[in-house]
Each structure stands twice: as structure tokens, then as C-alpha cells.
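What the coordinates show
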Amino acid sequence: MAWRCTGRTNAELISNLAASGLIKNERVLQAMSGRAKVDRAHYCPDSSSAYEDSPQSIGHGATISAPHMHASACESLLAFLHPTARVLDIGSGSGYLTHVLANLVAGTSDAERTQASGGKVIGIDHIQPLVTLATNNMCKSTDGRALLEKGRVEFICGDGRKGYPEGGPYDAIHVGAAAQSLHAELLEQLKSPGRMFIPVEEQGGFGAQWIWVVDKDPDGKIRKRKSMGVRYVPLTDAPR
Ligand code: SAH
């Protein structure tokens, strides 16, 4: 689906994602392009390609993922993104998806935003300049700055493969870089019920990667579903 949803403006990009069925739910539409919209131009260093439906370089070997992947992740995790949800965004990079996830947790209307309901999204990346970049990007909008100031979003530097137990357990975990496996630490940090959206490299698969949607049932049982084939940068050791 790459490229197909490119628009000239943020609103056109998001409307194309909806028209092509990648955004199905009104809540996702509102979180990406409603009153508290997340303008992708705030997160792309090259604003001339901000509304392309493709990944863009953000430096340090990282990319902001393609809009159709952000939309798919939000749709998949949606049932777990409620006002009291704890969410971990691993490989937060530009901070774009962390901001959209926070809109889904905190809501986008004034009434929802004034309620202190306890939900929080933590973005974790192992490159400190990207943690700073994500924070600065979010501060480009009044709504983004308010989410940070109220503690509804926090960016931290660390190895996302280990999760962030201090902030969990999590209703939803999003992984924005390709893992070697379904790391046990991450499964442990999922609530019952909870859901993880994670790209995983297929062993012996010549670089093939698949999104796995992993559910922890209310009784703690793990269920895994192989979803779509994807191409993400790898989850790695931090550069020296
Ligand atoms: N969701 C981000 C994707 C950024 S690309 C966005 O759309 O902007 C993937 C990110 O994963 C990079 O920022 C990279 O620094 C980070 N990353 C890779 N390995 C990691 C690790 N072990 N721990 C934390 N972050 C990691």
C-alpha cells in the first residue's frame, strides 16, 4: 500500500488513508487529523516530503515510518487505547506515533483533555539525540506540548528490547523496529488483557519481516497472529 495515499496536505494524506480503508475508525481519524491533529511535517526533517506515504530519514540511521504503517498500528491497538491505558512505544524515533497514540489515550476533545484519567504513553529510543528530537517535535504544537507538560507522554532513552518495567504493565506495546524474536521481557510487561504490535525478522527468511499481533488474554494466555509482511529498520544494540 506504500505511496498510494500520498497527499498535498496533512488532511489530504489522512483522508487518503481513510479512503483506502487503512484508517477504519473515527477515533484514529480524529487522532491523526482532527482538532488535536498530529502534523507529520512537524516530525519530518524534509517538510517537502512530509505528506508522502513513505518512510523518511530522520538521521542516525532511523526513519519516520510510513503513514500507512502508523495507521495500521493504531487500528490494531485501538481497543487497548483507553483513558487509563499505559502504553509503551519502542523505537519512538521522530515521536510522531507516540503523539498519535497519546491522542488516542487522552482523547482529542477539550472535555476529554481536561479529565486527569491517568493514561500515559512512554516513548523509548536508544539514541539520545532522537529522544531530544521527539520531544522538540512534539513541542511544535500547543496540544503536543500540553501532553508532555501534563505527563501524558514521556520520552526516555534506553534499550527497548528490555521494555521499561518501571512504567508498566502495559495495555499496549508498539514496536517500531524489527525484533529478532518476541522478547520475553516485553511479553512479561504486557497486562492481561493487553496487546503488542511488533515487526519480527523471520529466522532464515532472507530478511523477511512480519508484523505479529500478540495478545495476552485476561487469563494470561498468549495468542500470536502473523499479520502483514513489512520492512522496518532493525532493533539493535545502541551505537557507540
Ligand atoms: N516509530 C518511529 C520509528 C523510528 S525507526 C517513527 O515512526 O518515527 C526505529 C527506531 O528504533 C529508531 O529511532 C532507532 O533508534 C530505534 N531503535 C533501534 N533499536 C533500538 C533499541 N534496541 N532500543 C530502543 N530503540 C531502538
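Everything below is about the structure printed above this text.
Quick caveat, the model's predicted, so the values are computed rather than measured.

Moving on, we get to the environment of Pro-165. Note on placement: Pro-165 falls in the loop between β5 (153-157) and β6 (170-175). Owing to a relative accessible area of 53%, Pro-165 belongs among the exposed residues under this scheme. C-alpha separation for the pair Pro-165 and Leu-186, spaced 21 residues apart in sequence, amounts to 8.8 Å.

Listed as buried for helix α2 (residues 26-33) are Val-28, Ala-31 and Met-32. Buried residues in α2, looked at end-on, bunch into an arc of 90 degrees, giving them a common side. The secondary structure elements touched by the buried residues of α2 are α1 (10-19), α3 (67-77) and α4 (96-106). Sitting at the amino-terminal end of α2 is Asn-25, which places a side-chain oxygen 2.9 Å from the backbone nitrogen of Arg-27.

This paragraph deals with the site of the ligand. The ligand sits among 23 residues. The nearest are Thr-63, Ser-94, Asp-125, Gly-160 and Thr-236. Here an oxygen atom of the ligand sits 2.7 Å away from a polar atom, N or O, in the side chain of Asp-125. One of the side-chain nitrogen or oxygen atoms of Asp-159 is found 2.9 Å away from a nitrogen atom of the ligand. In isolation the ligand offers 580 Å² of accessible surface; the protein chains occlude 98% of this area. The biggest single contributor to the shell around the ligand is strand β2 (residues 62-64), with three residues. Residues belonging to the shell around the ligand are distributed by class as follows: eight nonpolar, twelve polar and three charged.

Moving on: the pattern of salt bridges. This model, assessed by the stated rule, comprises eleven salt bridges. Of the charged contacts in the structure, one is a salt bridge between Asp-171 and Lys-191, with a shortest N-O distance of 2.8 Å. With a gap of 20 residues between them, Asp-171 in strand β6 and Lys-191 in strand β7 (residues 190-201) connect regions that are remote in the sequence. The class of Asp-171 is buried, set by a relative accessible area of 6%. A relative accessible area of 26% means that Lys-191 is categorised as partly exposed. The closest approach of N and O atoms between Lys-226 and Glu-202, which form a salt bridge, is 3.0 Å. Note that Lys-226 is positioned in strand β9 (residues 222-230) and Glu-202 in the loop between β7 and β8 (209-216), a separation of 24 residues in sequence. Relative accessible area serves as the criterion here: at 38%, Lys-226 is assigned to the partly exposed category. Judged by its relative accessible area of 32%, Glu-202 falls in the partly exposed class. When salt bridges that share partners are traced, they join Asp-159, Arg-161, Lys-162 and Asp-237 into one network.

Conventions and cut-offs
- Residues numbered from 1 in each chain as written.
- Predicted model: local features only at pLDDT ≥ 70, side-chain atom pairs only at ≥ 80, totals over all residues.
- Heavy atoms only, no water.
- Helix = DSSP H or I, 4+ residues; strand = E, 2+ residues; numbered from the N terminus.
- Buried < 20%, exposed > 50% of the residue type's maximum accessible area, 1.4 Å probe, protein only.
- Arc of directions from axis to C-beta.
- Contact = heavy atoms within 4.5 Å.
- Polar contact = N/O pair within 3.5 Å; in protein donor to acceptor, adjacent residues only side chain to side chain.
- Near = heavy atom within 4 Å.
- Areas by Shrake-Rupley, 256 points an atom, 1.4 Å probe, with all protein chains shown as cover.
- Nonpolar A, V, L, I, M, F, W, Y, C, P; charged D, E, K, R; others polar.
- Salt bridge = Lys/Arg side-chain N within 4 Å of Asp/Glu carboxyl O.

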